[in-house]
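# Observations on the three-dimensional arrangement
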Amino acid sequence: MVIETQGLTFNFGTQTVVKSLSLQVPEGSIYGFLGPNGAGKTTTIKLLLNLLKTQEGDIKIFGLDFKNHRTEILSQIGSLIEQPAIYAHLTGRENLMNRAMLLQVPESRVDDMLKLVKLSQAGGKKAGNYSLGMKQRLGIALAMLSDPKLLMLDEPTNGLDPNGIIEIRELLIRLVNQHKKTVFISSHLLAEIERMATHVGIINFGEMLFQGEIKDLQSISQPMVHIETDNTVDAANLLTKNGYPVIEVKDDYLTVGYKSKEKSAELNALLNQNGYPVYSIHKVQKDLEKLFLDITKTAAQ
Ligand SMILES: Nc1ncnc2c1ncn2[C@@H]1O[C@H](COP(=O)(O)OP(=O)(O)OP(=O)(O)O)[C@@H](O)[C@H]1O
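Since the model is a prediction, treat every value here as computed from it, not as a measurement.

Turning our eyes to something else, we now look at the nonpolar core. Ranked by internal contacts, the top residues of the largest apolar core, which has 61 residues, are Ala141 and Phe184. If one sorts the elements of this core by residue count, helix H5 (residues 132-144) sits on top with seven residues. For Phe184, the contacting residues outside a window of four places in its chain are Ile3, Val25, Tyr31, Phe33, Leu150 and Met152. Among the nonpolar cores identified, the runner-up in size contains twelve residues, and Met224, Ala235, Leu267 and Tyr276 belong to it.

A word on the domain arrangement of the protein. Once the domains are mapped, the protein shows domain 1 (3-213) and domain 2 (222-284). Of note, the centres of domain 1 and domain 2, computed from C-alpha atoms alone, are 41 Å apart.

Quick look at H5 now. Compared with the 18 Å implied by 1.5 Å per residue over 13 residues, the 18 Å span of H5 between its first and last C-alpha is a close match. Among the 13 residues that make up H5, eleven are buried, leaving the element largely enclosed by the rest of the structure. Those residues of H5 lying buried are Met134, Lys135, Gln136, Arg137, Leu138, Gly139, Ile140, Ala141, Leu142, Ala143 and Met144. If you follow the buried residues of H5, they end up packed against strand S7 (77-80), helix H3 (92-103), helix H4 (108-116), strand S8 (150-154) and helix H6 (162-177).

As a further point, take the environment of Pro277. Here Pro277 is to be found in the loop between helix H10 (261-273) and strand S15 (280-284). Taking the C-beta count within 10 Å as the criterion, Pro277 has 11 such neighbours and is therefore assigned exposed. Taking the C-alpha atoms as reference, Pro277 lies 8.4 Å from Glu228; in sequence the two are 49 residues apart. Excluding its chain neighbours within four sequence positions, the residues that come into contact with Pro277 are Thr229, Asp230 and Asn272.

What follows concerns unusual backbone geometry. You will see that Ser20, though not glycine, has its phi angle at about 40°, which is positive. Here Ser20 is to be found in strand S2 (residues 15-21). Taking the C-beta count within 10 Å as the criterion, Ser20 has 15 such neighbours and is therefore assigned partly exposed. The backbone of Asn231 sits at a positive phi, close to 50°, despite the residue not being glycine. Its place among the elements puts Asn231 in the loop between strand S12 (224-228) and helix H9 (232-241).

This paragraph deals with the packing of H5 against H6. Taken N-terminus to C-terminus, the directions of H5 and H6 make an angle of 20°; their axes are 9 Å apart at the nearest point. Comparing their axes, H6 and H5 come out roughly parallel. Helix-helix and strand crossings are classified by hand; for H5 and H6 the assignment is right-handed. Residues Leu132, Gly133, Gln136, Arg137 and Ile140 of H5 form the contact with H6, whose participating residues are Gly164, Glu167, Ile168 and Leu171. Looking at the contact of H5 with H6 residue by residue, the classes come out as four nonpolar, three polar and two charged.

Conventions used here
Residues numbered from 1 in each chain as written. Predicted model: local features only at pLDDT ≥ 70, side-chain atom pairs only at ≥ 80, totals over all residues. Core = buried A, V, L, I, M, F, W, Y, C linked by C-beta atoms within 7 Å. Buried ≥ 20, exposed ≤ 12 C-beta atoms within 10 Å, placed from the backbone. Helix = DSSP H or I, 4+ residues; strand = E, 2+ residues; numbered from the N terminus. Contact = placed C-beta atoms within 7 Å. Domains from an automatic or database assignment. Expected span 1.5 Å × (residues − 1). Axes fitted to C-alpha atoms, helices over the stretch in contact; angles between N-to-C directions. Parallel < 35°, antiparallel > 145°, perpendicular 65-115°, else oblique. Left-handed = near helix turned anticlockwise from the far one by under 90°. Nonpolar A, V, L, I, M, F, W, Y, C, P; charged D, E, K, R; others polar.

This is the structure we're talking about:
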């Protein structure tokens, strides 16, 4: 494990915001740390980076005990929390050069990093004029300059447009697949994390609700199919009789549990053949809120 915590607990005054957290982040994973606003993600990350002092529990990173190997551990972690520390009046390249000098990293790393985050062309432009997505990528380049083994990112796609999100996602996948890094990324958006993470930890009110491989999460959280049709109550009866799990019946649409694309095609044909015209049919993933309900239900069974 790259990160392993046991009983990690943190209180702000009388409020416990991280409760006996046991994180397990495997080497070479993209670990999505999910939770709604205020769940305790930033606090956990700050504890892992020693920006907050651990009150209770143990942290091991790279197999080393955090208390006794703090400097050694932190020298191998690149991080981006909230806004990246960028000088707006300097170019992207100058920002990296500055940091490279500070860290005594060879200059050649600067161009490698610009290339890695796809900012080679924009490297000569003032960072203050970068888009939010470009700033975040420059922030990741700065964090990767010293070639750390682990990258920790706190909500790096907040406020980005879909293209910006895709660019960050592709960059993180490259870092893990080609550069053999481990990425720990927090987010409050399930859909965003699902597309890149290999592992997930889901917290709410400081407590871990689920931790495991993404495929295990998907088996808890079956996607659904939305079908827009007429006469939905009768259509739902037909589907139930034919073994489709109907989840919701509204005036103008139905929601059915997703099984496979073949089953969705059969369902479409069945409705059409029986006089229920299908105006639209599409697969939907659950959001974090619905997933919480599923997880709580599964845990109670
Ligand atoms: N410095 C502080 N003093 C007191 N309470 C704090 C402090 N920082 C955070 N909190 C509280 O701790 C809880 C967890 O906050 P945290 O920032 O870790 O959550 P988060 O999951 O990162 O959420 P967000 O996505 O909104 O940043 C919240 O209830 C927050 O109000």
